[in-house]
Amino acid sequence: MRKIAVFLVIGILFLFSSCAKEPIPAESLPTGIDPLNTSESSNYGQLSAIGKPLPEGTISRKRVNSPHTLGYDVYNGEPIEVSLEVLASETPTYTEGYMVFVEGIPVLSRIKVDGVMHEKEKYMHIVDHREETTTNVNLYFEPLGFQKEEIVEFYIAYIFTPSYIPYEYYPLYGNTHKIMNAPSSPVKIERGSDSTTKKMALFPSRTYEIPNEIYKMYEHEDGTNYLDSDPIVELYDGSGNQIVQQMGANGYTDLKIKLYGGNSTQYRLTLLIDQQPVLISGKDYLEVTLEKGTTAEFDFTIDISELDRKSTIMAVALPYGDTFQRYITHSVPVLLINLDKPQAEEDIVPPEYKYAE
């Protein structure tokens, strides 16, 4: 089995952030991370739900299998292996999800945790990490559907506390579900293969210049603008209103995704529900070649008939094609309510509850 050629050390410092003042107790809301930049070492800040500082800590990930000097891994018919050492130092117990994207499309993978192989292929694997403990994580995947001599890019998405879901009466996620901004890595295809499933793309409903009110939101003091180099992806309801909570009934709900800005780049976007990719109007993913200074808008419907009462929905955008060494962009998580299912007692607004002013 050939192993990954990239050595990457990512240090993550946790301080703690928050969303509510009262009356939700601190233990009812999770803490998490919020990427501030795309460097290998990033600082994070958090407070508890009642504003009380929580212990600081460090989380580090180290890519440990890097035998190649070519600058890329090689796929020759055997699964690509990515080996990580994950150290949770002076931090509470937490969970992290791992997903693999190849050329912007999520792929099934297997995982080994501390030497124990999980046989089932999944799109996302959730791993528990304990304080002051190093966890050995090995991911295995195959870049199928490409031709010999092609060089393709894969991303590992590290998703913090992916199982957390808020109360209906306070549908905010804090810093949970955030994806670490890890860069892509190249793979050279030495043995081509046919994809077992044909993937279908949904293209933008429309493209237009970034609205001035949006563009101004991302201006820096020195006159530069974040959207000139980096994209923003956001979720809206079917009417175009930005949302933190979305309702659906009669088996479906309508949504919009808007992708703003960045350099002129090809993007593929995936809609995740409870961190699993879902069909959008019958298509597997969204696709666009976005010119600098423009917005891509997608209108679509999703089937919610098989979903529970509460789910978490978010959009993930990745560059593909010749745009190598770029980063994952994702929307904030949105609470999706399936009104066809009964409400749980815990989600009924308690008499003593008051929204934070």
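That block above? That's the structure.
Residues numbered from 1 in each chain as written. Predicted model: local features only at pLDDT ≥ 70, side-chain atom pairs only at ≥ 80, totals over all residues. Heavy atoms only, no water.

Draft legend 1. Here's a closer look at the nonpolar core. Residues Y98, V102 and F141 are the most contacted members of the largest nonpolar core, which totals 27 residues. Those elements that place two or more of their residues in this core are β5 (80-89), β6 (94-102), β8 (109-113), β11 (133-141), β12 (151-160) and β13 (185-189). Dropping the residues within four chain positions of it, V102 is found in contact with V107, F141, P143, F146, V152, E153 and F154. (Core = buried A, V, L, I, M, F, W, Y, C linked by side-chain atoms within 4.5 Å. Buried < 20%, exposed > 50% of the residue type's maximum accessible area, 1.4 Å probe, protein only. Helix = DSSP H or I, 4+ residues; strand = E, 2+ residues; numbered from the N terminus. Contact = heavy atoms within 4.5 Å.)

Draft legend 2. Focus on the packing of aromatic side chains. Enumeration according to the criterion identifies 5 aromatic pairs in this entry. On the basis of an interplanar angle of 90 degrees and a centroid distance of 5.8 Å, the ring pair of Y98 and Y158 is categorised as edge-to-face. Within this pair, whereas Y98 is found in strand β6, its partner Y158 is found in strand β12, the two being separated by 60 residues in sequence. Its relative accessible area of 0% is what places Y98 among the buried residues. Residue classification places Y158 among the buried residues on the basis of a relative accessible area of 1%. Between Y167 and Y169, the ring centres sit 5.0 Å apart and the planes meet at 5 degrees, which makes this aromatic pair stacked. (Phe/Tyr/Trp six-rings, centres within 6.5 Å; stacked < 30°, edge-to-face > 60°.)

Draft legend 3. Structural context of the pattern of salt bridges. Taken as a whole and assessed by the stated rule, the structure comprises 12 salt bridges. Across the pair R61 and E96 runs a salt bridge whose closest N-O atoms are separated by 2.2 Å. With R61 in strand β3 (residues 57-63) and E96 in strand β6, this residue pair connects regions lying 35 residues apart in the sequence. One exposure class covers both R61 and E96, and it is buried. Close ionic contact of R206 with D299 constitutes a salt bridge, the shortest N to O distance being 3.1 Å. Placement of R206 in strand β15 (residues 206-209) and of D299 in strand β22 (residues 294-303) is noted, with a sequence separation of 93 residues between them. Taken together, the shared-partner salt bridges connect R206, K256, E297 and D299 into one network. (Salt bridge = Lys/Arg side-chain N within 4 Å of Asp/Glu carboxyl O.)

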